[in-house]
Amino acid sequence: MTEKILCYSCNKTKNKLNAKRSSLLPINLLMCESCINAKLEPRWIVILSGRQNGMEHVRDFVLKKRYIGNEISASELMV
Ligand SMILES: [Zn+2]
């Protein structure tokens, strides 16, 4: 039985995931190389960080859409 590990960012099963320090929150993420190379952060990290640190903190990620998934709306960033 093979253990399935999903990339935190794109949610796809990959053969190889790398631990990467989040640039938004003080936690380690498991991400695939393509997500790391594209400097993406998981969508929920962007939202969580936006709520904790304010919209300015995640502005770049939201504007440049450096995450995978549905567009993050301003209301999602408000607590
Ligand atoms: Zn990925």
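Residues numbered from 1 in each chain as written. Predicted model: local features only at pLDDT ≥ 70, side-chain atom pairs only at ≥ 80, totals over all residues. Heavy atoms only, no water.

Let's shift gears to the packing of aromatic side chains. Going through the model one piece at a time under the given rule, you end up with one aromatic pair. A ring pair is formed by Y8 and W44, whose centres lie 6.5 Å apart and whose planes are at 45 degrees; its orientation type is tilted. Of this pair, Y8 sits in the segment before β1 (18-21) while W44 sits in helix α2 (residues 43-53), and the two are 36 residues apart along the sequence. Owing to a relative accessible area of 33%, Y8 belongs among the partly exposed residues under this scheme. A relative accessible area of 43% places W44 in the partly exposed class. Across from the ring centre of F61, 4.1 Å away, lies the NZ or CZ of R66, which sits over that ring. (Phe/Tyr/Trp six-rings, centres within 6.5 Å; stacked < 30°, edge-to-face > 60°. Helix = DSSP H or I, 4+ residues; strand = E, 2+ residues; numbered from the N terminus. Buried < 20%, exposed > 50% of the residue type's maximum accessible area, 1.4 Å probe, protein only. Lys NZ or Arg CZ within 6 Å of the ring centre and 35° of its normal.)

Because side chains alternate across strand β2 (residues 28-31), one face comprises the buried residues L29 and M31, and the other comprises N28 and L30, none of which is buried. Where β1 meets β2, four bridges bridge the pair, whose relative direction is antiparallel. Each residue of the ladder has a partner; that of N18, found in β2, is M31. As consecutive antiparallel partners, β1 and β2 are separated by six residues. (Pairing = 2+ DSSP bridges.)

Here the focus is the coordination of the zinc ion. Binding of the zinc ion to the protein goes through C7 (SG), C10 (SG), C32 (SG) and C35 (SG), at separations of 2.3 Å. Between the four donor atoms coordinating the zinc ion, the angles at the centre fall across 103 to 115 degrees, so the site counts as tetrahedral. In terms of primary sequence, the donors binding the zinc ion are separated according to C-x2-C-x21-C-x2-C. Pair noted here: C7 is in the segment before β1 and C35 is in helix α1 (residues 33-37), with a separation of 28 residues, a long-range link. (Donors = N, O, S within 2.8 Å, 3.2 Å for Na, K, Ca; no water. Tetrahedral: all angles 85-135°; square planar, octahedral: opposite > 155°, others 65-115°.)

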